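Residues per chain, in single letters:
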Amino acid sequence: MLDFIECINTAIGFFITVAYAYQFFFLAYGFINRKRKKTKQSELLNKYGVIICARNESNVIADLIKSLKRQNYPSEMIDIYVVADNCTDDTAGIARSNGAIVFERFNKVQVGKGYAMEYFFRRLMSTDKFKEYAGFFVFDADNIVDKNFVREMNNTFNSNGGAYSAITSYRNSKNFSSNWISAGYALWFLRESRFLNYPRHLLGTNCAISGTGFMISAKVVEENNGWPFHLLTEDIEFSVNCAIKGQKIGYCDKAVIYDEQPTSFAQSWRQRLRWSKGFYQVDSKYGTRLTKRCFSGRRRFSCYDMLMTVAPSMLLTIMAVILNALVSLSALAMPAFRARILLSETTSFMLSSVVSYFLVLLLYGAVTTLTEWKSIHAPTYKKILSVFTFPVFMFTYLPISLCALVKKVEWKPIHHGYVKTVKDF
C-alpha cells in the first residue's frame, strides 16, 4: 500500500511540474522584458464595429459608450452596437441616447453572451454594412476604455499585415480596492495579461482572449459564419478553436480596459462555477483534437498551451489529496507501526501539496503586484495585503471545481453598478 501511494504521489507531482514548467518560463521571460516596448504608429486607419452585449446594464452602459466616444481615433471609423439581450430595464434607451446603434433581442431559451453575439453577426452579415469593417471589438457593459485603446489595437492589427485572427488587450480593474474578492480577480487578470499573453506575444505563439476587451477580425467572423461559440466559456472556446485551426491571436499591451469585478462571495461563486463548468465543456469538446494537434499541424505549442489551460489539473490534485485522505483513514485498521508510516507519507503529501500551491500563488501575486504597481489603483496597504489574500481567493476554486463537476450550471447575469469614468484613473 505504501509503495503504491508513494508511486501515485510522485507521478502526479512530476506530471504537474513538467506539464506547467513552461508557465514559469513565461513568468521569468515576462519579468525580464517587463519594460513596455514602443508601438509603431500605423498610418492605415481601419474601420471597426464595437459590440456590447448587455443585459439590464442601465447603471453602467453610458460610461462605456462615453469612453468609446472619446477615443483618440476618428469617430467616423468607429460604430458602436449594443445588443440589449433580454433586458427588462432601460439599457436600450440609455444606449440609444448616448449614440449607440441598438439591437434588442428576446430569447429565454438560448441565453448567454455567445448567443447574443451570434444574433448580432447574423443581422449584420445580412447587410452590406458588414463589409465596411476590418474587425470588431467586444466589450462587456461594465467596462470603460482608455482613450488610446482603439488606436493601439489598430497599430497592433496592422503590424502583422492583418494576419491576426484576434487581438486581446491589457485587462485592468475598476474596483481593485473594494475587497479581497475584487482584488483576487484583478490580480488574476493582470497576471494573465503580463505573464501569459505578453510572453506569448513576444515569443510569437498564440495568446488567449479572456471575456472582454478583445478584437476579432471580420475575415475570421466571415469564415466562421458568425459566432458559433456557445459553451459557458465562449472566449476560451474561441481561443482553442483558433489554436486548432492555426489562426493567430495577438496581444496589445498598450490597449487598456478597466473591468468591474464581483465583490460578494455568492456572486463570485456563481460566476466562477460557470467558468469552471465551461472549462470542463471545452475540455470535453476539444480535448482530443487539441491533443492530436500537439503532435502535428501548425502552432503545435499553442495547442499544447491551450490544452494545459483547459486541462482539469486542479481536479487531478484534488483527487490525489482525497485518495491520500482515504488511505489515511484506512490506517486505523492497521498495526500501529505500519499506520504511523502510512500516515506520515499521506500527511506529508497533502501538506506539501497545499504549501506548494500556496507558495506558487504567493509568488505570482507578489511578482504581479511588483511589476504592475503603478497600474493598480489602490492604496499601498491594500496592494500589499492583496498579495497574501490572492492565494486564499484562488484556494476557493477547489470546492468550486468539485461542484462544477457534478452540478448543472446555466448562464446567469452578474450585477454591475460600480460607476467610474476614465478620468478617475
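Residues numbered from 1 in each chain as written. Predicted model: local features only at pLDDT ≥ 70, side-chain atom pairs only at ≥ 80, totals over all residues. Heavy atoms only, no water.

Colleague: For this particular structure, what's the right way to read the pattern of salt bridges?
Modeller: Pairs can form between side chains of opposite charge once their charged atoms are near each other. Applying the stated criterion to the full structure yields 15 salt bridges. Residue Asp-253 is joined to Arg-194 by a salt bridge in which the shortest nitrogen-to-oxygen separation is 3.3 Å. Residue Asp-253 is located in strand S8 (residues 248–259), and its partner Arg-194 is located in helix H7 (residues 180–203); the two are separated by 59 residues in the primary sequence. As far as burial versus exposure is concerned, Asp-253 and Arg-194 are alike and both buried. One salt bridge connects Glu-237 with Lys-285, and the closest N-O pair in it is separated by 3.2 Å. Taken as a pair, Glu-237 in helix H9 (residues 234–245) and Lys-285 in helix H10 (residues 265–293) lie far apart in primary sequence, 48 residues in all. (Salt bridge = Lys/Arg side-chain N within 4 Å of Asp/Glu carboxyl O. Helix = DSSP H or I, 4+ residues; strand = E, 2+ residues; numbered from the N terminus. Buried < 20%, exposed > 50% of the residue type's maximum accessible area, 1.4 Å probe, protein only.)

Colleague: How should I be thinking about the environment of Val-82 in this particular structure?
Modeller: Following the sequence through the fold, Val-82 ends up in strand S2 (residues 78–85). Residue classification places Val-82 among the buried residues on the basis of a relative accessible area of 0%.

Colleague: When you look at empty space enclosed by the protein in this model, what are you seeing that I'm missing?
Modeller: Where empty space is left becomes clear once a probe the size of a water molecule has been rolled over the atoms. All told, the structure shown has one cavity of 30 Å³ or more when counted by the stated rule. Roughly 40 Å³ of volume is contained in the largest cavity. Around the largest cavity, the lining residues are Thr-168, Ser-169, Arg-171, Glu-192, Ser-193, Asn-197, Ser-210 and Thr-212. Broken down by secondary-structure element, the contributors of at least two residues to the lining of the largest cavity are strand S6 (164–173) and H7. Partitioning the lining of the largest cavity into residue classes produces no nonpolar, six polar and two charged. (1 Å grid on protein atoms, 1.4 Å probe; cavity = no way out; pocket = protein on both sides within 12 Å on 5 of 7 lines; lining within 4 Å. Points joined across faces, edges and corners; volume = space filled by probe spheres on them. Nonpolar A, V, L, I, M, F, W, Y, C, P; charged D, E, K, R; others polar.)

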